[in-house]
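So the chains spell out like this:
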There are 2 protein chains.
Amino acid sequence: MKIQESYFKLDQVPGLWRSTVGLERESLRVNHDGNISKHLHSSEWGTRKQQPYIQTDFAESQLELITPPSVSISELQAWLSSFHQIVATTNEKNGDLLWPFSTPVIIPENTEDIKIAQLEKIDEYKYRAFLADLYGKHVQLISGIHYNFQINPDIEHDSFEAQSDYDDELQFNNKIYMHLARNYFRYRWLLTYLIGASPYVAPNYATNLYGKPHAERMRSIRQSRYGYQNKESVVMNYNSLEDFVTSIEDAIDSGALSLEKELYRDVRLRGGANARELLDKGISYLEFRNIDLNPYHPHGIDDETIALVRLFLITLLFIPDVKYDTEIVKGTKMNYATSEADALDAPMDIDEAKWLVTAMREVADQLSNTDNVSSIVDKVEASLDDPSLTLAGRIVEEATEYDSFLEMGLRLAKEHQQVYLDKPYLLHGFENLELSTQDVLKEAIKAGIKVRIIDSEENVIELSFQGQTEYVKSANMTRLDSLISYFLMENKVATKVLLDEAGLKVPSGTSFSNIEEAKAYYTSLPDKAIVVKPKNTNYGLGITIFRSKPSEDDYIDGLNFAFKEDHTVLVEEYIEGTELRFYIQDNKTMAIVERRPAHIIGDGVSTIGELIDEVNKNPLRGRDHKAPLTIIEKGEIETLQLKNYGYTFDSVPEDGKTVYLRENSNVSTGGVSIDRTDDTHEGYKKIAEKASQLLEASFCGVDIIIEDYTKEPTQDNYGIIEANFNPMIAIHRFPGEGTPRLLGKAMLNQLFPDVYNRG
Amino acid sequence: MKIQESYFKLDQVPGLWRSTVGLERESLRVNHDGNISKHLHSSEWGTRKQQPYIQTDFAESQLELITPPSVSISELQAWLSSFHQIVATTNEKNGDLLWPFSTPVIIPENTEDIKIAQLEKIDEYKYRAFLADLYGKHVQLISGIHYNFQINPDIEHDSFEAQSDYDDELQFNNKIYMHLARNYFRYRWLLTYLIGASPYVAPNYATNLYGKPHAERMRSIRQSRYGYQNKESVVMNYNSLEDFVTSIEDAIDSGALSLEKELYRDVRLRGGANARELLDKGISYLEFRNIDLNPYHPHGIDDETIALVRLFLITLLFIPDVKYDTEIVKGTKMNYATSEADALDAPMDIDEAKWLVTAMREVADQLSNTDNVSSIVDKVEASLDDPSLTLAGRIVEEATEYDSFLEMGLRLAKEHQQVYLDKPYLLHGFENLELSTQDVLKEAIKAGIKVRIIDSEENVIELSFQGQTEYVKSANMTRLDSLISYFLMENKVATKVLLDEAGLKVPSGTSFSNIEEAKAYYTSLPDKAIVVKPKNTNYGLGITIFRSKPSEDDYIDGLNFAFKEDHTVLVEEYIEGTELRFYIQDNKTMAIVERRPAHIIGDGVSTIGELIDEVNKNPLRGRDHKAPLTIIEKGEIETLQLKNYGYTFDSVPEDGKTVYLRENSNVSTGGVSIDRTDDTHEGYKKIAEKASQLLEASFCGVDIIIEDYTKEPTQDNYGIIEANFNPMIAIHRFPGEGTPRLLGKAMLNQLFPDVYNRG
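Residues numbered from 1 in each chain as written. Chains lettered and ligands numbered in written order. Predicted model: local features only at pLDDT ≥ 70, side-chain atom pairs only at ≥ 80, totals over all residues. Heavy atoms only, no water.

Residue and element names in this part refer to chain A. Within the fold, Tyr-583 resides in strand 15 (residues 578–585). Taking the C-alpha atoms as reference points, Tyr-583 and Ile-729, separated by 146 residues in sequence, lie 8.3 Å from one another. Discounting residues that sit within four places of it in the chain, Tyr-583 has contacts with Asn-476, Lys-588, Thr-589, Met-590, Ala-591, Phe-699, Cys-700, Pro-727, Met-728, Ile-729, His-732 and Leu-743. (Helix = DSSP H or I, 4+ residues; strand = E, 2+ residues; numbered from the N terminus. Contact = heavy atoms within 4.5 Å.)

Now for helix 20 (residues 608–615) of chain B. Residues and elements named next belong to chain B. Along helix 20, the residues classified as buried are Ile-608, Gly-609, Leu-611 and Ile-612. Buried residues along helix 20 cover an arc of 160° about the axis, so they all sit on one side. Considering only its buried residues, helix 20 is in contact with strand 17 (599–601), helix 21 (636–644) and strand 20 (658–660). (Buried < 20%, exposed > 50% of the residue type's maximum accessible area, 1.4 Å probe, protein only. Arc of directions from axis to C-beta.)

We now examine the relation of the copies chain B and chain A. Least-squares fitting of chain B to chain A yields an RMSD of 0.1 Å, with the superposition described by an axial translation of 0.2 Å and a rotation of 180°. The relationship between the two copies is best expressed as a two-fold rotation axis. Comparing contact sets, 100% of the residues at the interface of chain B also lie at the interface in chain A, consistent with an isologous, same-surface contact. (Least-squares fit on C-alpha atoms with pLDDT ≥ 70 in both.)

Turning our attention to the sheet that holds strand 14 (residues 569–573) of chain A. Residues and elements named next belong to chain A. In space, the four strands of this open sheet follow the order 11-14-12-13, with antiparallel pairing throughout. Edge positions in the open sheet fall to strand 11 (509–512) and strand 13 (544–546), since each of these has one partner strand only. This sheet shows a mean twist of 15° between the axes of neighbouring strands, independent of strand direction. The pairing of strand 12 (residues 530–534) with strand 14 spans five bridges and is classified as antiparallel. Across the sheet, Lys-533 pairs through a bridge with Leu-570, a residue of strand 14. (Pairing = 2+ DSSP bridges. Axes fitted to C-alpha atoms, helices over the stretch in contact; angles between N-to-C directions.)

All names here are of chain B. When you line up the elements, Thr-630 lands in strand 19 (residues 629–630). A polar contact is formed between the side chain of Thr-630 and the backbone oxygen of Val-667, at a distance of 2.8 Å. Contacts of Thr-630, omitting those with residues within four sequence positions, involve Arg-621, Gly-622, Val-667, Ser-668 and Gly-670. (Polar contact = N/O pair within 3.5 Å; in protein donor to acceptor, adjacent residues only side chain to side chain.)

This part is about the interface of chain B and chain A. Contacts between the two partners involve 33 residues from chain B and, on the opposite side, 33 residues from chain A. Between chain B and chain A the total buried area reaches about 3100 Å² when both faces are included, carbon and sulfur atoms providing 66% of it. When residues of chain B are sorted by the area they lose upon contact with chain A, Tyr471(B), Leu483(B) and Ile484(B) head the list and together hold 20% of the total. Counting every contact that joins chain B to chain A gives two salt bridges. Salt-bridge contacts for Glu501(B) lead to Arg452(A); the nearest nitrogen and oxygen are separated by 2.4 Å. (Buried area = accessible area lost by both parts, 1.4 Å probe. Salt bridge = Lys/Arg side-chain N within 4 Å of Asp/Glu carboxyl O.)

Assigned domains within chain A: domain 1 (10–421), domain 2 (435–480), domain 3 (508–573) and domain 4 (578–751). The gap between the C-alpha centroids of domain 2 of chain A and domain 3 of chain A is 43 Å. (Domains from an automatic or database assignment.)

Take helix 15 (residues 435–447) of chain B next. Residues and elements named next belong to chain B. Spanning 13 residues, helix 15 covers 18 Å between terminal C-alpha atoms, matching the ideal 18 Å at 1.5 Å per step. Within helix 15, twelve of the 13 residues are buried, which leaves it mostly tucked inside the rest of the structure. Taken residue by residue, helix 15 has Leu-435, Ser-436, Thr-437, Gln-438, Asp-439, Val-440, Leu-441, Lys-442, Glu-443, Ala-444, Ile-445 and Ala-447 as its buried positions. On its buried side, helix 15 packs onto strand 2 (54–56), helix 2 (73–94), strand 8 (450–455), strand 9 (460–465), helix 23 (730–733) and helix 24 (743–751). Taken from the residues just after helix 15, Gly-448 is the one with a positive phi, measuring 85°. (Expected span 1.5 Å × (residues − 1).)

With that settled, the discussion passes to a negative patch on the surface. All names here are of chain A. Taken together, the side chains of Asp-603, Glu-610, Asp-650, Glu-654 and Asp-655 present a region of like negative charge at the surface. You can see Glu-610 is positioned in helix 20 (residues 608–615). Residue class for Glu-610 comes out partly exposed when judged on its relative accessible area of 45%. (Patch = residues over 30% accessible without salt bridge, like charges linked within 9 Å, V, L, I, M, F, W, Y side chains within 5 Å. Areas by Shrake-Rupley, 256 points an atom, 1.4 Å probe, with all protein chains shown as cover. Lys, Arg positive; Asp, Glu negative; His and termini not counted. Charge placed at Lys NZ, Arg CZ, Asp CG, Glu CD.)

For the rest of this paragraph, the subject is the environment of Lys9(B). Residues and elements named next belong to chain B. Looking at where Lys-9 falls in the secondary structure, it is placed in the segment before helix 1 (13–17). With a relative accessible area of 47%, Lys-9 lands in the partly exposed category. Each C-alpha atom of the pair Lys-9 and Phe-318 lies 8.5 Å from the other, and the pair is 309 residues apart in sequence.

Residue and element names in this part refer to chain B. Contact pair helix 11 (residues 350–364) / helix 12 (residues 373–385): the axes reach a minimum separation of 9 Å and the direction vectors enclose 170°. Considering their axes alone, helix 11 and helix 12 lie roughly antiparallel with respect to each other. Taken together, the residues of helix 12 that come into contact with helix 11 (itself represented by Ile-350, Ala-353, Lys-354, Val-357, Met-360, Arg-361 and Ala-364) are Val-373, Ser-374, Val-377, Asp-378, Val-380, Glu-381, Leu-384 and Asp-385. Tallied by class, the residues present in the contact of helix 11 with helix 12 amount to nine nonpolar, one polar and five charged. (Parallel < 35°, antiparallel > 145°, perpendicular 65-115°, else oblique. Nonpolar A, V, L, I, M, F, W, Y, C, P; charged D, E, K, R; others polar.)

Glancing now at the pairing of strand 1 (residues 20–31) of chain A. The side chains of a regular strand alternate, residue by residue, between the two faces of the sheet. All names here are of chain A. In terms of burial, strand 1 is largely enclosed, as eleven of its twelve residues are buried. Relative to strand 5 (residues 145–150), strand 1 is paired through six bridges, and the arrangement is antiparallel. Looking at the pairing, Arg-25 lines up with Ile-145 of strand 5. Pairing of strand 1 with strand 4 (residues 96–98) involves three bridges; the strand directions are antiparallel.

Glancing now at the side chain of Gln51(B). Residues and elements named next belong to chain B. Looking at where Gln-51 falls in the secondary structure, it is placed in the loop between strand 1 (20–31) and strand 2. Among the polar contacts listed, one links the side chain of Gln-51 to the backbone nitrogen of Tyr-53, at a separation of 2.9 Å. When sequence neighbours within four positions are dropped, the list of residues in contact with Gln-51 reads Trp-45, Gly-46, Ile-445, Lys-446, Ala-447 and Gly-448.

A few words now on the pattern of salt bridges. All names here are of chain B. One pass over the structure, following the stated rule, counts 93 salt bridges over all chains. When the shortest N-O distance is used, the salt bridge between Glu-287 and Arg-270 registers 2.6 Å. In this pair, Glu-287 is assigned in strand 7 (residues 285–291) and Arg-270 in strand 6 (residues 267–270), connecting sequence segments 17 residues apart. Of the residues examined, Glu-287 reaches a relative accessible area of 1% and is grouped as buried.

A full pass over the atoms with the stated rule returns 57 aromatic pairs over all chains. The interplanar angle of 80° and the centroid separation of 6.5 Å between the aromatic rings of Tyr210(A) and Tyr226(A) together place this pair among those described as edge-to-face. Taken together, the residues Tyr210(A) in the loop between helix 6 (189–195) and helix 7 (241–253) and Tyr226(A) in the loop between helix 6 and helix 7 connect sequence positions 16 residues apart. For the ring pair Tyr486(B) and Phe725(B), a centre distance of 4.3 Å and an interplane angle of 70° mean the geometry is edge-to-face. Placement of the pair is Tyr486(B) in helix 16 (residues 483–490) and Phe725(B) in the loop between strand 23 (718–724) and helix 23, with a sequence separation of 239 residues. Relative accessible area serves as the criterion here: at 7%, Tyr486(B) is assigned to the buried category. Over the ring of Tyr756(A) we find Lys745(A), and its NZ or CZ is 5.3 Å from the ring centre. (Phe/Tyr/Trp six-rings, centres within 6.5 Å; stacked < 30°, edge-to-face > 60°. Lys NZ or Arg CZ within 6 Å of the ring centre and 35° of its normal.)

On to the packing of helix 16 of chain B against helix 17 (residues 492–501) of chain B, then. Helix-helix packing: each pair is described by the crossing angle between the helix axes and the interaxial distance. Residue and element names in this part refer to chain B. Relative orientation of the contacting elements helix 16 and helix 17 amounts to 95°, with a least axis distance of 5 Å. The angle between helix 16 and helix 17 falls in the class roughly perpendicular. Contacts from Leu-488, Met-489 and Glu-490 in helix 16 reach Lys-492, Ala-494, Thr-495 and Leu-498 in helix 17. Here the residues of the contact of helix 16 with helix 17 sort into four nonpolar, one polar and two charged.

Attention now goes to the sheet that holds strand 21 (residues 672–675) of chain A. All names here are of chain A. Taken together, the five strands give an open sheet; going across it, the order is 21-16-15-22-23, and neighbouring strands pair in antiparallel fashion. Strand pairing shows two members of the sheet lacking a second neighbour, strand 21 and strand 23 (718–724), which therefore form its edges. If you compare each strand with its neighbour and ignore which way they point, the axes differ by 30° on average. The sheet contact formed by strand 15 and strand 16 (residues 588–596) spans six bridges and is antiparallel. Bridge pairing in strand 16 places Leu-580 opposite Glu-594. In this fold helix 24 (residues 743–751) packs onto strand 15, strand 16 and strand 22 (699–706), with an angle of close to 35° to the strand it touches most, strand 15.

Where the residue is not glycine, phi is negative for most of them; where a peptide bond is considered, it is trans in most cases. Positive phi is not limited to glycine here, since Ala475(A) has a value of about 80°. Within the element layout of this structure, Ala475(A) appears in the loop between strand 10 (468–473) and helix 16 (483–490). On the accessibility criterion, Ala475(A) (2% relative accessible area) is buried. One non-glycine residue, Ser474(B), lies in positive phi territory at about 50°. As for its position among the elements, Ser474(B) is in the loop between strand 10 (468–473) and helix 16. On the basis of relative accessible area, Ser474(B) is assigned to the buried category, the value being 6%.

Now the structure itself:
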């Protein structure tokens, strides 16, 4: 067939492919027996009135997960992953599962047991009660995917500029969307053939209008007359946007509809609070509501289907306009027939199907190979000749392996649940971000704060809540900290000057860039333990610790050793003790951890190498900052460290002996954090808080070496090493030992003081 | 002799050497004839009531320059350099000079013409009028150096801890300072011998108490009885702090003194609002007031003298306490005798002098070679045998080369003035800081804002004014900007997203880290001029500009070229025009410059090499960011650039032809800035201000490419390239062409809203 370039040119297809999609995934919560869950929509998912992502649909136990719009399929799936993980974490505690099919499996005999969503707005609740009366509660338990589609506005604008038939860009826009809506009504039966997926339903299922489905194994009960349908008296005219507005307003005047939103059609025109507003503001996108849940995919829709629907919609833009309402009626009949056919029946109009697929291929050919769209068209083509390749076909064939629809659904639901529960410290879908940012995002989504990734490489995100917009980098760098506070902390000289002047203990000392000056300083050395060290050292190289004032020769040896590693050398008072990291927010200590270098503890039997392997089995250990703890390596530095203490990886340390594999305590080289928030003397908290205050910080990590952190501070038993403007949340959120501290949540509470204050 | 370790051990000398010094330098302003200047104390030096650094002393034309305390001699001189430069810049405009001697050269016959300092506080003014009546105005024109000395408190504390005679640290402290004061009174005559320096005075000079000096060429008129002296009826008792308090209060009760501060002695006890307060708070430092101005040094005191006095004071701590007031009277007499002796007379008590120098050497031997103190002792020793090596000796000998004291003083004053006026774009003494920070410091000092360098390498400074303390890094990074604003600007992706969404024009485009994806993007290229460039490029390498949509082959060539330079490549819309930098403060455009790469303009005769040499003669050009403009190099990059355009350094470009030596416009590689603040269309200022606002910036540099900056902006004739969180002040403050913009001052006005609001 010949593609018709009425609105767009074929070479604009790559641009059209960057059109925006937003998905809504509905799902029933059921218990492990398949009964509808009696648990209320969880408060762990925020409040419904301020949740953009996790909502209830008709029933209290019917979830609706709503992605932000995106041009990227993987981004859409990332959003769905994160929502499903959050929901599943609560469901797991409650013994709930997400029912993977569009149609319910067990319906209570008493419809009173189907609880309408407990929405805060009483009008919303009453409206749902009215619908339940009119259409029956059963039909309202049906779930699916809604596919929101906005044509790339840049491409649409280019087309408007290039044509001469329309003077008004709004008119042009509405024409295109009405064309797309009509063609979708006309040809959607092909999608139903390919991805319809609800052949079974609970035996007692019945609708008010059409009663019980007439057959089992139909392609899609949800899209058949036994799905959610308006009364036949509701007739809409899609000839033009103007006609549509008139017809919906007439339907309300005549009482056929109670409210505009009662209209249930497979296409909904979006962009206004009501239909008439669309005339002024224009249609901004279309919502396609007839996609069944794919029970095999944890999200109810796979990447291929998202791409297939996009390709189908773009193709419809290049197919002649069906124009008349009679065609829409024809299309609806074909869709009923396709839905109500046996799942293994051939397409009802193979010629039309092939014609559509040819058009789809012509469009797909405009796309580059990287999009893999042509392989999708290949599959569609194959499915036309072999109904078992369709989704409904696969379901009915595989259903024979189960005792029942119930068993099949529960098996799939449990498999999906396992996917969601894997690696709970990550936010699924956003694993490329650093852990701390993942924690903040997870808490934000749970609280109903709108989130957006501005730059994933740099961990810059946007958070919005009730009209307030905030940007956050690396989990706690925000508007609340000033730029100069950052530099005061980054600059170790400045940090020291400010803390010292305020009477806080910092190791006294001097830095030298000239070895002669450093040597001459010997006469000024205090009569104390000192450390001579290169200004920058990663692995503790070049450090000499003197437990009391050294002889001049020993001091010079220390200097020579240190100057080998760096051109600047510090001579500092040495304080012996435990290194604690204090996490301070708004001048309050929120968490404290002790940080210990990578180590193993001997058992008198195993070699160090074996003990490392054992430690590395901890599921919290991973690599590349993508896990709370890091795999301990058996590399050069570890080998050297062991050698310094007279070990090799084959040594067998005695029972209870701690052997360190590193000098540095960083988590990224296998170190562990141990929560000490409750064990640390209040005095040190006050000290860390004062340091944060002096540095004008809102979020601050203060590192203090303390002789004994359970004892009261004196002027000599501690030393503040440094302050950090970007203290890691993850070492407190997922400590190697001890209580986790919810610092992502605390950060959000600071940034949005109202977010957790729900009275 | 044997050093007496009464309070300190000899091995504490290195610690005592780190005692703090603060200097006050007084000086008369005179005109080029040597007459006392009739210009008022300039408003360019801030207001007297809030100026910690630049004050008036007794007369309106008598400046007092006050350094903050420091342990470092070079730091003290740095402060003095900066104050002298600021003062001299104004003096040069007014035809004033700083008189280099302690004693005045021309005194008006009518004393009414000696104007008392016009202080804001009426009591202060009246007090000066009272002193003028009592002591005579002449004596009050005498100027000198005040040397404030605080014993290193850490060392004092260590000594207190180590002894058992005192229970009270305050008592211990007062004992030490009274010991030092008494010994200073007793032995100061040696300093007068060495560095007394006022052998001449105006012929009509006379004092109320002693009349005219009895001889010329005396060592120090200022320290003789013809200097500033209280009446003989004023008798003080320095046996103990308690005795001193009683004696000064008695003197006031008896009417010998009007106020405590009328007491004029060579040592003043510091640390309280009045003497009695010292009993509670302790003496915190001593002020030594008897040092004459060294006329040979622009600051009136050289490094050696600062060190010599410190050594002398520390030595006095190790010399037996003279204990009795009779010894003080003896010391005063010896000092008068030394002062009134001929400048070439031998020391009056050579044995005592040698005894003191031996002690000084014993103390100096405790210091490391790097301090060069022993060479100072050598010089002192030589001066004992040869009075011509003393400062007064040198002056009287060299004075014979001049017609008069007047001529000698004016010659020296003019030489000093030239030192102060050199490189006016720098802040003298702080040349190691970046230019922008120097500008801020200079303006802060002028405005009377207290300044402190926290970290000179990193350009972190502290500013305090009326109880408000602020930290500033690199001239405009302050508390006023938030940390996230910094990251939004640093992150080019975030900048673009925010500006683009708000409807500002940023070059549209995409970045690729994968050459295959970049190639596939060809189908999506807009039909516009584009640029393909590596994400990071210093010298314009790897950039290809296509004036219209390229062929696929050309596009791929561009990609290959760019991917050679960086692993990330940008494909962006190309906007042709002039690059302007908008400096925005608090959402207002403060300055705009055009930035042009290093270039020369041909004259049809000279070679490019010669033209570069000519351009480099501009005194604003320097190296290493220490000048507003940078020397144009003839290096590899410049050679390559010339070659690309078919030139060598020996080519002779035609008259008026501009030849660029660089692609990049950075000042650091020879580029120039041209002020365009008043020429740029208001529309672009609004755009830049909106960008700054969107990025939540207080200080922001917005770089915009504009087709024609005099014309109104449209959606297509400009593009915002980037925003900078630390825009350089210097390119506007010292533009290569056009009006300088006082951005350092503007920054201070933002940080301290009251500082320039003096009604």
